[in-house]
Amino acid sequence: GAEFGGPIGGKWAPEEGVGVGMRLSVSLFATLCGSFQLGYHLAVLNAPLESVAQSLGFDAETFSGLVTSSLLVGSLLASVPCQLADRRWGPRQLLVFSAFPLIFGCVGSALAANVWALLAGRLVVGLGIG
């Protein structure tokens, strides 16, 4: 296996000929962005949850469950088709394509006038995350 050499010039550097390529670094970054998106969108309504639930006529507990589960259902629905699309078109095109449901879902959630529009927006965001 590849081992890292000691400090060279005050910093740790891999031995010559061993390194992480740019392609792997970009792929790793994209993968971590997907995890970040899921965590962010699950937590984004935590702070204003009570006021949003009240303005839409729901109690906070029911509203929290609906909002969270709609996002997770969207992610689940998109996971298998995204696996197939990844094999066919590759991760780069899939990441570009997944930005569209994220944008439309976020705009739809922000403009939601009732709870069903908000849940639909969250479902679309889930499709982008999945």
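Residues numbered from 1 in each chain as written. Predicted model: local features only at pLDDT ≥ 70, side-chain atom pairs only at ≥ 80, totals over all residues. Heavy atoms only, no water.

Asks: Any chance you could break down helix H3 (residues 60–89) for me, citing the residues and the numbers?
Replies: Over its 30 residues, H3 extends 41 Å from the first C-alpha to the last, a length consistent with the 44 Å expected when each residue adds 1.5 Å. Considering bend angle alone, the principal kink of H3 is centred on Ser79 and spans about 35 degrees; proline Pro81 follows within four residues of it. Those residues of H3 that fall on the buried side of the exposure criterion are Phe63, Val67, Ser70, Leu71, Gly74, Ser75, Ala78 and Ala85. Considering only its buried residues, H3 is in contact with helix H1 (22–43), helix H2 (49–55), helix H4 (91–110) and helix H5 (115–129). In the stretch just after H3, Gly90 is the one whose phi turns positive, near 95 degrees. (Helix = DSSP H or I, 4+ residues; strand = E, 2+ residues; numbered from the N terminus. Expected span 1.5 Å × (residues − 1). Bend = angle between axes of the 7 residues up to and from the residue. Buried < 20%, exposed > 50% of the residue type's maximum accessible area, 1.4 Å probe, protein only. Contact = heavy atoms within 4.5 Å.)

Asks: How would you explain the nonpolar core if you had to name every residue and give the values?
Replies: By size, the foremost hydrophobic cluster in this structure holds eight residues: Leu49, Ala53, Leu56, Phe63, Val67, Val115, Leu118 and Leu119. Residue assignment for this core shows that the elements contributing at least two residues are H2, H3 and H5. For this core, the element with the highest residue contribution is H5, accounting for three residues. Contact partners of Ala53, with chain neighbours within four places excluded, come to Phe58, Asp59, Ala60 and Phe63. (Core = buried A, V, L, I, M, F, W, Y, C linked by side-chain atoms within 4.5 Å.)

Asks: Can you break down the packing of H3 against H5 residue by residue, with the values?
Replies: Their axes nearest at 6 Å, the elements H3 and H5 cross at an angle of 35 degrees. With respect to the hand of their crossing, H3 and H5 are arranged in right-handed fashion. Between H3 and H5, the contacting residues are Phe63, Leu66, Val67, Ser70, Leu71, Val73, Gly74, Ser75, Leu77 and Ala78 on the first element and Val115, Leu118, Leu119, Arg122, Leu123, Val125, Gly126, Leu127 and Ile129 on the second. Considering only residue class, the contact of H3 with H5 consists of 14 nonpolar, four polar and one charged. (Axes fitted to C-alpha atoms, helices over the stretch in contact; angles between N-to-C directions. Left-handed = near helix turned anticlockwise from the far one by under 90°. Nonpolar A, V, L, I, M, F, W, Y, C, P; charged D, E, K, R; others polar.)

Asks: Describe the side chain of Ser109, with residues and values.
Replies: With respect to the helices, strands and loops of the structure, Ser109 is situated in helix H4. Those residues in contact with Ser109 that sit more than four places away from it in its chain are Leu118, Gly121 and Arg122.

Asks: Can you explain a nonpolar patch on the surface? Please cite residues and give values.
Replies: On the surface, a cluster of nonpolar side chains totalling about 780 Å² of accessible area is made up of Val96, Phe97, Phe100, Ile103, Phe104, Val107 and Leu111. Relative to the helices and strands, Val96 resides in helix H4. (Patch = residues over 30% accessible without salt bridge, like charges linked within 9 Å, V, L, I, M, F, W, Y side chains within 5 Å. Areas by Shrake-Rupley, 256 points an atom, 1.4 Å probe, with all protein chains shown as cover. Salt bridge = Lys/Arg side-chain N within 4 Å of Asp/Glu carboxyl O.)

Asks: Before we move on, can you summarise the side chain of Ser70 with the specific residues and values?
Replies: Tracing the chain through its elements places Ser70 in helix H3. Engagement of the side chain of Ser70 in a polar contact is seen with the backbone oxygen of Val67, the distance being 2.9 Å. Filtering out sequence-adjacent residues up to four positions away, Ser70 remains in contact with Leu119, Arg122 and Leu123. (Polar contact = N/O pair within 3.5 Å; in protein donor to acceptor, adjacent residues only side chain to side chain.)

Asks: Help me get a handle on the environment of Arg122, residues and values and all.
Replies: Looking at the secondary structure, you find Arg122 in helix H5. Residues Arg122 and Leu42, spaced 80 residues apart in sequence, show a C-alpha to C-alpha distance of 9.6 Å.

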